[in-house]
Amino acid sequence: MTIDIPDAACAASEQKSQPAQPSPAASSALRQTPLHQHGISAYWLERRDYLARVRKVPELRQRYWRAVAIYTLRRTLWSFGFFPVFIAFWVPLVLSNFNPVILVNDVLPALQTFVGANPEVQANTLSTLIAAWLSVGFFFLVFDFVLTPFKSPYQYEADVHMRAWEQLNHDRLPAKVL
């Protein structure tokens, strides 16, 4: 598949020291030529230009930072709140063959020993539990960030814009090849 791009845009995209952005004259030349000459590149040029424009809107910038904060808080609470608590109850329950009576009989002597121990042993036990809690939390936090990536409000706005753009330019776009 060959894509015809005007020489000015081609020269601008070949420069390695600068990002692949054509000059204003080249970008206006790109916009004036029929879309079928650019193939799919017209879609990505429009999307990039729209994202550049929408990043300057203060309301969307505020929505972006709010979404980042909520995303980070959710992932952190999920990783440090749910998973360590779930594992702390699930593993002993599995080891006791899902019998709560056996679970209590196994845990009760350990709790009595903890209460009767001197403060140094209690502090050592608590620091070990906190280290285990944090290690499980960080383990799940890393995988949670990988498995549930952040969805930017900018990308959502660009998706909506590009759906409308595709409908408006449907007759000028090349047919999709399956």
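Look up a bit, the structure's there.
Residues numbered from 1 in each chain as written. Predicted model: local features only at pLDDT ≥ 70, side-chain atom pairs only at ≥ 80, totals over all residues. Heavy atoms only, no water.

Our focus in this paragraph is the pattern of salt bridges. Two side chains carrying opposite charge are able to pair once their charged atoms lie near each other. Following the criterion strictly, the structure yields five salt bridges and no others. Between Asp159 and Arg47 there is a salt bridge; the shortest N-O distance is 2.9 Å. Placement of the pair is Asp159 in helix α7 (residues 153-168) and Arg47 in helix α3 (residues 41-54), with a sequence separation of 112 residues. For Asp159, a relative accessible area of 32% gives the class partly exposed. For Arg47, a relative accessible area of 9% puts it in the buried group. Among the ionic pairs, Arg48 bridges to Asp49, the shortest N-O distance being 3.7 Å. (Salt bridge = Lys/Arg side-chain N within 4 Å of Asp/Glu carboxyl O. Helix = DSSP H or I, 4+ residues; strand = E, 2+ residues; numbered from the N terminus. Buried < 20%, exposed > 50% of the residue type's maximum accessible area, 1.4 Å probe, protein only.)

The N-to-C vectors of helix α4 (residues 58-95) and α7 enclose an angle of 125 degrees; their axes lie 9 Å apart at closest approach. With respect to α7, the element α4 is oriented oblique. Along the contact surface, α4 presents Leu60, Arg61, Arg63, Tyr64 and Ala67, while α7 presents Pro153, Tyr154 and Glu157. For the contact of α4 with α7, a count of residues per class yields five nonpolar, no polar and three charged. (Axes fitted to C-alpha atoms, helices over the stretch in contact; angles between N-to-C directions. Parallel < 35°, antiparallel > 145°, perpendicular 65-115°, else oblique. Contact = heavy atoms within 4.5 Å. Nonpolar A, V, L, I, M, F, W, Y, C, P; charged D, E, K, R; others polar.)

Inspection of every chain in the model, using the stated rule, returns 17 aromatic pairs. Geometrically, the ring pair formed by Tyr43 and Trp44 is edge-to-face, given 5.0 Å between the ring centres and 85 degrees between the ring planes. You can call Tyr43 buried: its relative accessible area is 16%. Each ring, one from Phe80 and one from Phe138, has its centre 5.0 Å from the other, and the planes form 90 degrees; the classification is edge-to-face. Separated by 58 residues along the polypeptide, Phe80 in helix α4 and Phe138 in helix α6 (residues 119-147) bring together distant segments of the chain. What makes Phe80 buried here is its relative accessible area of 17%. (Phe/Tyr/Trp six-rings, centres within 6.5 Å; stacked < 30°, edge-to-face > 60°.)

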